[in-house]
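# Descriptive structure summary
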Amino acid sequence: MVEIALLAVAVLVILLTLGVPLPYCFGGGLMVMYFLGDVVMKGNMLWGVQQLGNPVLLAIPLFVLAGTIMSVSGIAAALLNFVNIFIGHLRGGLGVVATVSCALIGAISGSGLTGVAAIGPLLIPEMEKQGYPRAYATALIANASLLGLLIPPSVTMIVYGWVTDTSILACFLATLGPGLLIMTSFSIVNIRMARKFPLKLDEPLKGKAFVAEATSRGFKATPALLMPVIILGGIYGGIMTPTEAAAVAVIYAIPVGFLIYKGLNVSTFFGAGREAATSVGAIMLMILFSMILSQMFVLESVPQALVEAIFSITENKILLLILINILLFLVGMVVNDVTAIILIAPLLLPLMQAIGISPIQFAAIMGVNTAMGGVTPPYASILYLGARIGQVPVTQVIRPAMTLILLGYLPVVFLTSFWPDLSLGLPRFFGY
């Protein structure tokens, strides 16, 4: 069965590489399991449809809708302007503003695409005016948008918690440390790289002028800043579940966008709704077919056989972690993060537990590895969206994007794997 399962995965990957729509890719893998593995399809189909009714999954469309509303409402612009007053005048400061703004957006929307969609149109032209190469500005914002997949609430961690039956709040906390560390490392790398660019910096405001401007922007940004406070405070304070917090995010974003920032009108609101519905429809179909394929693997004891096969090669924990990180990185290159988690997490979790890695730390390991797929071709959906928004050929964006990944992202990937306290410190503090 391991050979048949690997063949099913190979068919899935080949179809994905050829650009076949995701549901058909998983359908190809299901056909391999059905015809060669002699598994029953009817019961698995009914089980998959039943799983889609899980209330936990309701958080996904709600967070996606909140993120799309933020992109057009002016909430993102208010956050950006507030952060910019403090560090925008420093050499490399505008790049740091972009990174921190993407982190703030990620702390609200739970999506990687929202950051580049909301921040890109605002900051890429401004960074180019200041002297940043347009390709570099686009790459930085695309890479920083990965923080939306790590800084809670995160759609990928909701899916991981659901698939592996792990506390979603613990998964949120597990990726927070790595996410903040990546934000810091991107900022440092950007400051170093900004020394090479002929930047034209504005004179910083001083004294009363600075206080007045900071107060004004802070007042305008207060409704936007309250959004992550309400959402995260409600979740970690035990007041709301992640699903309820996602609903509150939507309910809060609508009046703020219409009445305060006035970026929302009837046309943009329904446009955001259509965009969210399209994204959610694709995600739910993908979840259905990938869950059925994953369940087939479980029923045929493929995870246990995989663990035995890998242990027959080596039982060295460090070597196994390196191999697993490479595997997750390669999977992230060809499928999106949600698909990778649904497909791989049930298979690898028994192996990780066998070598002493807790499901919570594994959530962080999977999170940081699969998020990289958003900017590493051939999948690279966030990078492609960034290139389209920045109006730069993808071939020009890849080099600075890979530089940021190598210098700012990969070190955190290895720290997450080999320094358990980075991902387990906060969950332990909160009693998980």
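Residues numbered from 1 in each chain as written. Predicted model: local features only at pLDDT ≥ 70, side-chain atom pairs only at ≥ 80, totals over all residues. Heavy atoms only, no water.

Naming follows an unreviewed UniProt entry, where the chain appears as TRAP transporter large permease protein of Halocynthiibacter styelae. Quoted verbatim from the Sequence similarities (unreviewed entry) field of the UniProt record, the comment on the chain reads "Belongs to the TRAP transporter large permease family." You can read under Function (unreviewed entry) in the UniProt record for the chain the words "Part of the tripartite ATP-independent periplasmic (TRAP) transport system." (UniProt positions renumbered as here; feature names shortened; annotations may be inferred.)

## Quick word on the overall build of the chain
Within the chain one finds 20 helices and zero strands. Expected size for 432 residues packed as a compact globule is a radius of gyration near 22 Å; at 22 Å, the chain falls within 12% of this value. Along the longest, intermediate and shortest principal axes, the C-alpha atoms of the chain span 75 × 45 × 45 Å. A buried classification covers 54% of the 432 residues belonging to the chain. Accessible surface, the chain: about 17800 Å² in total, of which carbon and sulfur atoms supply 69%. When the 18 positive and 15 negative side-chain charges of the chain are each reduced to one mean point, those points stand 18 Å apart. (Helix = DSSP H or I, 4+ residues; strand = E, 2+ residues; numbered from the N terminus. Rg over C-alpha atoms; globule rule 2.2 N^0.38 Å. Buried < 20%, exposed > 50% of the residue type's maximum accessible area, 1.4 Å probe, protein only. Areas by Shrake-Rupley, 256 points an atom, 1.4 Å probe, with all protein chains shown as cover. Lys, Arg positive; Asp, Glu negative; His and termini not counted. Charge placed at Lys NZ, Arg CZ, Asp CG, Glu CD.)

## Some thoughts on the environment of F186
Along the chain, the position of F186 falls in helix α10 (residues 168-194). The sequence separation of F186 and K220 amounts to 34 residues, and the corresponding C-alpha distance is 27 Å. Once residues lying within four places of it in the same chain are set aside, the contact partners of F186 are T99, N143, A144, L404, G408 and Y409. (Contact = heavy atoms within 4.5 Å.)

## As for helix α19 (residues 394-418)
With 25 residues, α19 should reach 36 Å at 1.5 Å per residue; the first-to-last C-alpha distance of 33 Å fits that figure. The largest bend along α19 measures about 40 degrees and falls at Y409, with the proline P411 one to four residues further on. Listing the buried residues of α19 in full gives V397, P400, A401, L404, I405, G408, Y409, V412, V413, T416 and S417. (Expected span 1.5 Å × (residues − 1). Bend = angle between axes of the 7 residues up to and from the residue.)

## Quick look at the pattern of salt bridges
Tallied over the entire structure, the rule returns four salt bridges. The salt bridge partner of R134 is E128, with a shortest N-O separation of 2.5 Å. Here E128 falls in the partly exposed class, since its relative accessible area comes to 38%. Between E213 and R217 there is a salt bridge, with the nearest N and O atoms lying 2.8 Å from each other. With E213 and R217 both in helix α11 (residues 207-236) and four residues apart, this pair spans about one turn of that helix. Judged by relative accessible area, which is 28%, E213 ranks as partly exposed. On the basis of relative accessible area, R217 is assigned to the partly exposed category, the value being 23%. (Salt bridge = Lys/Arg side-chain N within 4 Å of Asp/Glu carboxyl O.)

## Let's talk about the packing of α10 against helix α17 (residues 359-371)
Where α10 meets α17, the closest approach of the two axes is 8 Å, and the angle between their N-to-C directions is 55 degrees. Here α10 lies oblique to α17, going by the angle between them. Note that α10 runs across α17; the crossing there is right-handed. Where α10 approaches α17, its residues A170, C171, A174, T175 and P178 are matched on the opposing element by I360, A363, A364 and V368. (Axes fitted to C-alpha atoms, helices over the stretch in contact; angles between N-to-C directions. Parallel < 35°, antiparallel > 145°, perpendicular 65-115°, else oblique. Left-handed = near helix turned anticlockwise from the far one by under 90°.)

## Overview of helix α20 (residues 420-429)
Residues of α20 that are buried include every one of L422, S423, L424 and P427, and no others. Buried residues along α20 sit against α10, α17 and α19. Of the residues flanking the end of α20, it is G431, one or two places downstream, whose phi is positive at about 90 degrees.

## Digging into the packing of aromatic side chains
Taken as a whole and judged by the stated rule, the model has ten aromatic pairs. For the pair F186 and Y409, a centre-to-centre distance of 6.3 Å together with 40 degrees between the ring planes defines the contact as tilted. In this pair, F186 sits in helix α10 while Y409 sits in helix α19, placing the two residues 223 residues apart along the sequence. Neither residue differs from the other here; F186 and Y409 are each classed as buried. With 5.4 Å between their ring centres and 80 degrees between their planes, F429 and F430 make a pair best called edge-to-face. (Phe/Tyr/Trp six-rings, centres within 6.5 Å; stacked < 30°, edge-to-face > 60°.)

## Looking at a nonpolar patch on the surface
A surface patch of nonpolar side chains, amounting to about 680 Å² of accessible area, comprises I318, L319, I322, L323, I326, L330, F414 and F418. Elements with a contribution of two residues or more to the nonpolar patch: α15 (317-334) and α19. A per-element tally of the nonpolar patch places α15 first, with six residues. Within the secondary structure, F418 is located in helix α19. Residue class for F418 comes out partly exposed when judged on its relative accessible area of 37%. (Patch = residues over 30% accessible without salt bridge, like charges linked within 9 Å, V, L, I, M, F, W, Y side chains within 5 Å.)

## Concerning the environment of L426
With respect to the helices and strands, L426 occurs in helix α20. Residues within four places of L426 in sequence aside, it is in contact with L173 and L176.

## What to know about the side chain of T370
Relative to the elements of secondary structure, T370 occurs in helix α17. Residues in contact with T370, not counting those within four places in the same chain, are D337, A340 and I341.

## Some details on the nonpolar core
One finds I75, I141, Y160, M227, I287, F362 and Y409 to be the most contacted residues of the largest nonpolar core, which totals 140 residues. The dominant element in this core, judged by the number of residues it contributes, is helix α13 (residues 266-299), at 13 residues. Non-local contacts of I75, meaning those with residues more than four positions away in its chain, are made with M70, A224, M227, A253, V256 and Y261. In this structure, A170, I360, A364 and L424 belong to the second largest nonpolar core, which totals five residues. (Core = buried A, V, L, I, M, F, W, Y, C linked by side-chain atoms within 4.5 Å.)

## A few points about the environment of I357
Locating I357 in the fold gives a position in the loop between α16 (337-354) and α17. Each C-alpha atom, one on I357 and one on A345, is 13 Å from the other, the two residues being twelve residues apart in sequence. Not counting the four nearest positions on each side in its chain, I357 is found in contact with K317, L321, M352, F362 and I365.

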